[in-house]
Amino acid sequence: MVKCYLTGLDIQLHDAWVLNVTEAYKALKEINQQAMTIERLIEQLKPWDEIQIYDHVRQENINKKGRRLICTEIAKALSRIYPGKKLFLTWQEWKLKKRHFKENYHET
């Protein structure tokens, strides 16, 4: 019998586990690289830009402030950096989220 380091419980040696330190360091390195990549994405894509949009009511192009836009292919490729989270929204999803935030922000 041996004791579990974390719980102090007696366990059989054939039921014991050992940390694979090499793989743990590799995982940590990958996580750090993911974090650095996401930080760069935020730095590049967070700023507001003037976006030219066609206004169907006025029937002319108008300039509005909006987040920087990227194409579908790039969004899909960059989404693979961190597949557990939805890093990119479509234009329509972003507009709804922005509107929802404004409505809830003004209510409180």
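See the structure above.
The rules behind these values
Residues numbered from 1 in each chain as written. Predicted model: local features only at pLDDT ≥ 70, side-chain atom pairs only at ≥ 80, totals over all residues. Heavy atoms only, no water. Salt bridge = Lys/Arg side-chain N within 4 Å of Asp/Glu carboxyl O. Helix = DSSP H or I, 4+ residues; strand = E, 2+ residues; numbered from the N terminus. Buried < 20%, exposed > 50% of the residue type's maximum accessible area, 1.4 Å probe, protein only. Phe/Tyr/Trp six-rings, centres within 6.5 Å; stacked < 30°, edge-to-face > 60°. Pairing = 2+ DSSP bridges.

(A) Main features of the pattern of salt bridges. Applying the stated criterion to the full structure yields 5 salt bridges. Linking K26 and E23 is a salt bridge whose minimum nitrogen-to-oxygen distance equals 3.4 Å. Placement of both K26 and E23 in helix α1 (residues 21–45) is noted, with a separation of 3 residues, approximately one turn of the helix. Across the pair D55 and R58 runs a salt bridge whose closest N-O atoms are separated by 3.5 Å. D55 gets classed as buried once you look at its relative accessible area, which sits at 16%. Relative accessible area serves as the criterion here: at 53%, R58 is assigned to the exposed category.

(B) Spotlight on unusual backbone geometry. Of note, the phi angle at Q59 is positive, near 55°, even though the residue is not glycine. Assignment of secondary structure puts Q59 in the loop between β3 (48–55) and β4 (60–67). Judged by its relative accessible area of 60%, Q59 falls in the exposed class.

(C) A look at the packing of aromatic side chains. Within this structure, the stated rule accounts for 2 aromatic pairs. An aromatic cluster of three or more residues is present, and its members are W48, W91 and W94.

(D) Region of the structure containing the pairing of β3. Here β3 runs beside β4; their pairing, made up of 8 bridges, is antiparallel. Paired with D49 across the strands is G66, a residue of β4. Connecting β3 to the antiparallel partner β4 that follows it, the hairpin turn spans 4 residues, and Q59 within it adopts a positive phi of roughly 55°.

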